[in-house]
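Given next are the chains, with one letter for each unit.
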There are 2 protein chains.
Amino acid sequence: MERINPWESFQVKDYTKLMKEFGIEPFGKFSSKLPDAPAFIRRGAVFGHRDFERVYNAMKKKEKFVMLTGLMPSGKFHLGHMMVAEEIVYLQRMGAKVYLIVADIEAYNTRNQRMEDLRKLAIEEYLLNYIALGLKPRNCDFYFQSARSKDADKSNAYYRLAGMVPRRTTFNEMKAIYGELTPGKIVSVFHQVSDILHPQLREFEGPCPVIVPVGVDQDPHIRLTRDIASRMNGNREAEFILPSSFYHKFMPGLKGGKMSSSDPTSYIALTDDPETVKHKIMKHAFSGGANSIEEHRKHGGNPDIDVAYQILLYGLEPDDRKLKKIHDEYRSGSLLTGELKQYAIERVNSFLKKHQERMEKARDRIDRFWKVSSF
Amino acid sequence: MERINPWESFQVKDYTKLMKEFGIEPFGKFSSKLPDAPAFIRRGAVFGHRDFERVYNAMKKKEKFVMLTGLMPSGKFHLGHMMVAEEIVYLQRMGAKVYLIVADIEAYNTRNQRMEDLRKLAIEEYLLNYIALGLKPRNCDFYFQSARSKDADKSNAYYRLAGMVPRRTTFNEMKAIYGELTPGKIVSVFHQVSDILHPQLREFEGPCPVIVPVGVDQDPHIRLTRDIASRMNGNREAEFILPSSFYHKFMPGLKGGKMSSSDPTSYIALTDDPETVKHKIMKHAFSGGANSIEEHRKHGGNPDIDVAYQILLYGLEPDDRKLKKIHDEYRSGSLLTGELKQYAIERVNSFLKKHQERMEKARDRIDRFWKVSSF
């Protein structure tokens, strides 16, 4: 059995196999039905789900539902992060109450970062980008694991739940899911479980559908959380509706592999300037083209492994017809690697120019999401 | 090395050996210097300490200091619990700000109790008895681990600290101290560490001496907490003064062994009626007397192992001269077991009559210690 461990980077090799092993349903039937969805959803980057029906139904009937996601502040906000941000903004527009969690307790314990740095990064890099990407303060609960709320009843309820979770699992169960454990990892898991379940406490929304969009590497959290919720329900301690999830593929890093905050040549940051973007894509972006122009003209390139193409596919080219044209021309060999890269650079830089202007304006709106009292 | 584990009942056989092994200093020089101390302190039931000097100095100079203790609500409040209550009340009178913790997260995780039952028990059995024994609402912070404060800043600071503790220890360290671990025990430990250290956060008192009176079985918590505080200080994350502790012997259970809430024939509850007390002491109290009256008259009894005598020694006979007389007469054989038991019954019942009247009056004052908003 393939072990998925959220603390170790890895590339998902076979999504279909994974889905079968872990009981994840195909997302296909929703991809086309979701109105005005981000391009990458329409194009199938969201490939699987658990219990998305009840979220979809709540959305259609305009009933209350929660969309919840966590972030681990670690360096620059990049194109990979943007996917999740687009999911958040989209679902908020579709009526979700957004719970946006800075997993600073987890980052502190598992990445040895300083609390102060984590806070600064979360606000200045992440929140600012979310706002620029369209996040609204209404129906948005942005919080830190280390300071849940300005309302004591809410904070107490959240941390109480985190403190009650351990009774409903065992080391063996946790080891089977996460491999080697440390005290810090253990506590991180319990905070995550409380993050996912607490919106349904009466101090928050009460029982309602909750959707957690995640990379497939985060599925262990989802499964454990659903199991723990079932056990608490079974012991009449709670009435949680089992949280739903959907799973997206990851935008590849420039050199292939993962887009990682710790390696600047693997990502394009949303604050990169045009020259940097040009340099990174030209120099680092893994190409699916042939070894020579002659060969490329003759045999064509492979867009499926071409990172410049992937960047367009994941949304930087929102027009499906244009994307199809690029795909076909690259495949046939009439579009060269240099030309494809040049086009991707233009699309990225055109997007970043507008985005960076929006970021500047977003700065004034941070306060509407988060007012620090004691921190 | 003798392992001391707070989750396993045990009898301390050799206090001197224990003290040497764990680096606990003798308390003797303070026993006589503490003004108006409870009888059992004067008589040496508090036998050891760590860094009590700084607490004693703060007391003398009337500077700020904190006295902190936790309770695990489990059945009836009995004479064994009363010792700690007397320590609390005494130190509060000596100027301590009292932090009184209901370890409900710990009890929930390690004893499989229901949260609701824990809360009820903590207030109706424990708090009520503390008040009757003299606890004042002024300079008293009574709280539940599951609902730290009505002030969100304080709650957040307390739980944030609990979430930061795991980074400063390892499984190996915890296993060496506590033996077999479970997720629930792990989390209980981190809450306890935060309980002991958080009074020194700026949201609470700021850095100041903190005294934790404990049974020697709780020393592992103290040592681990002091080590973690040092590490956080070393990383410039905190400025904790290392918490101080003192250690009391345990009042023996009626049948010898431990006074345990789970065995009603081992304890005298502070709500027991006179007939019950009589029955328990007459029938169950382990006697240090000889096997027959004749032998007893000839060889005398052994007060050191006689539970009726121990009850008097631990404070039910506050008059040192009277106690000495009883001791000597019992030792010589002129006082018989039945007579000693009869005297102990009278002392206990006389105390309980007054105490139970005070408990009735205390009921009206619960609100001054704890107002529940969301719970």
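Residues numbered from 1 in each chain as written. Chains lettered and ligands numbered in written order. Predicted model: local features only at pLDDT ≥ 70, side-chain atom pairs only at ≥ 80, totals over all residues.

### A short note on the overall build of chain A
Here is step 1 of the chain: The number of helices and strands found in chain A is 16 helices and 7 strands.
Here is step 2 of the chain: With 375 residues in all, chain A has 49% of them scored as buried. (Helix = DSSP H or I, 4+ residues; strand = E, 2+ residues; numbered from the N terminus. Buried ≥ 20, exposed ≤ 12 C-beta atoms within 10 Å, placed from the backbone.)

### Details of the interface of chain A and chain B
Here is step 1 of the chain: Facing 35 residues of chain A, the contacting portion of chain B comprises 35 residues.
Here is step 2 of the chain: Elements with a minimum of two residues in the side of chain A that touches chain B: α6 (104-111), α8 (152-164), α9 (171-178) and α10 (183-197) of chain A.
Here is step 3 of the chain: If you tally residues by element for the side of chain A that touches chain B, the top one is α8 of chain A, at 9 residues.
Here is step 4 of the chain: Residues that form the side of chain A that touches chain B fall into these classes: 14 nonpolar, 14 polar and 7 charged. (Contact = placed C-beta atoms within 7 Å. Nonpolar A, V, L, I, M, F, W, Y, C, P; charged D, E, K, R; others polar.)

### What about the pairing of strand β2 (residues 46-50) of chain A?
It is a general feature of regular strands that their side chains alternate between the two faces of the sheet.
Residues and elements named next belong to chain A.
Here is step 1 of the chain: Within β2, 5 of the 5 residues are buried, which leaves it mostly tucked inside the rest of the structure.
Here is step 2 of the chain: Inspection of the sheet shows strand β1 (residues 25-26) paired to β2 by 2 bridges, in the antiparallel sense. Within β2, the position partnered with E25 by the bridge is H49.
Here is step 3 of the chain: As paired elements, β2 and strand β7 (residues 244-248) share 4 bridges and run antiparallel to each other. When the sheet's bridge partners are listed, V46 is paired in β7 with H248. (Pairing = 2+ DSSP bridges.)

### Here's the deal with the pairing of strand β5 (residues 140-144) of chain A
Residue and element names in this part refer to chain A.
Here is step 1 of the chain: With 5 of 5 residues buried, β5 lies mostly within the body of the structure.
Here is step 2 of the chain: By the alternation rule, side chains of β5 split into C140, F142 and F144 and D141 and Y143, which are all buried.
Here is step 3 of the chain: Where strand β4 (residues 97-102) and β5 come together, 5 bridges link them in parallel fashion. Counted as the bridge partner of V102 is F144 from β5.

### Topic: the confidence of the model for chain A
Residue and element names in this part refer to chain A.
Here is step 1 of the chain: Averaged over chain A, the pLDDT score is 92; the fraction of residues at 70 or greater is 95%.
Here is step 2 of the chain: Of the regions scoring below 50 in pLDDT, residues 1-11 engages in 21 contacts with residues more than four places distant in sequence or in other chains.
Here is step 3 of the chain: Predicted as a complex, the structure gets a pTM of 0.92 and an ipTM equal to 0.92. (pLDDT = per-residue confidence, 0-100.)

### As for the relation of the copies chain A and chain B
Here is step 1 of the chain: Between chain A and chain B, the superposition needs a rotation of 180° and an axial shift of 0.0 Å, giving an RMSD of 0.0 Å. Taken together, these values place the two copies in the relation of a two-fold axis. If distances are taken from each C-alpha of chain A to the rotation axis, the shortest is found for A152 of chain A, at 2.0 Å.
Here is step 2 of the chain: Same-surface contact between copies: 100% of interface residues of chain A are shared with the interface of chain B. (Least-squares fit on C-alpha atoms with pLDDT ≥ 70 in both.)

### Overview of the sheet that holds β4 of chain A
Residue and element names in this part refer to chain A.
Here is step 1 of the chain: Spatially, β1-β2-β7-β6-β3-β4-β5 is the arrangement adopted by the 7 strands of the open sheet, whose pairing is mixed. The open sheet is flanked by β1 and β5, the only strands paired with a single partner.
Here is step 2 of the chain: Where strand β6 (residues 210-215) lies against β7, 5 bridges are found, and the strand directions are parallel. Following the sheet pairing, P213 is matched in β7 by F246.
Here is step 3 of the chain: Sitting on the sheet, helix α11 (residues 219-234) is in contact with β2, β6 and β7, with an inclination near 150° to β6. (Axes fitted to C-alpha atoms, helices over the stretch in contact; angles between N-to-C directions.)

### A word on the domain arrangement of chain A
Residues and elements named next belong to chain A.
Here is step 1 of the chain: What the domain assignment lists for chain A is domain 1 (15-250) and domain 2 (264-360).
Here is step 2 of the chain: Computed from C-alpha atoms alone, the centre-to-centre distance between domain 1 and domain 2 is 31 Å.
Here is step 3 of the chain: Every contact between the two is made by 16 residues of domain 1 and, on the other side, 13 residues of domain 2.
Here is step 4 of the chain: Residue composition of the side of domain 1 that touches domain 2, by class: 10 nonpolar, 3 polar and 3 charged. (Domains from an automatic or database assignment.)

### Let's talk about the sheet that holds strand β7 (residues 244-248) of chain B
Residue and element names in this part refer to chain B.
Here is step 1 of the chain: Strand order across the open sheet formed by 7 strands is β1-β2-β7-β6-β3-β4-β5, with mixed pairing between neighbours. Since the sheet does not close on itself, it has two edges, and those belong to β1 (25-26) and β5 (140-144), each with one partner.
Here is step 2 of the chain: The strands touched by helix α4 (residues 52-60) are β2 (46-50), β6 (210-215) and β7; relative to β7, the strand with the most contacts, the crossing angle is about 100°.
Here is step 3 of the chain: Sheet contacts for helix α5 (residues 79-93): β3 (66-71), β4 (97-102), β5, β6 and β7; angle to β3, the most-contacted strand, approximately 160°.

### Quick notes on unusual backbone geometry
Here is step 1 of the chain: With a phi angle near 55°, R236 of chain A is a residue other than glycine that sits in the positive phi range.
Here is step 2 of the chain: Tracing the backbone through its elements, the reader meets R236 of chain A in the loop between α11 and β7.
Here is step 3 of the chain: For R236 of chain A, a count of 8 C-beta atoms within 10 Å translates into the label exposed.
Here is step 4 of the chain: Positive phi, close to 50°, is recorded for D36 of chain B, a residue that is not glycine.
Here is step 5 of the chain: Residue placement: D36 of chain B occurs in the loop between α2 (28-31) and α3 (39-42).

### Here's the deal with the packing of helix α14 (residues 307-316) of chain B against helix α15 (residues 320-332) of chain B
Residues and elements named next belong to chain B.
Here is step 1 of the chain: The geometry of α14 relative to α15 is characterised by a closest axis approach of 10 Å and an angle of 160° between their N-to-C directions. By the criterion of interaxial angle, the relationship of α14 to α15 is roughly antiparallel. Judged by the twist between their axes, the crossing of α14 over α15 is left-handed. Residues Y309, L312 and L313 of α14 lie in contact with α15, whose contacting residues are L323, I326 and Y330. (Parallel < 35°, antiparallel > 145°, perpendicular 65-115°, else oblique. Left-handed = near helix turned anticlockwise from the far one by under 90°.)

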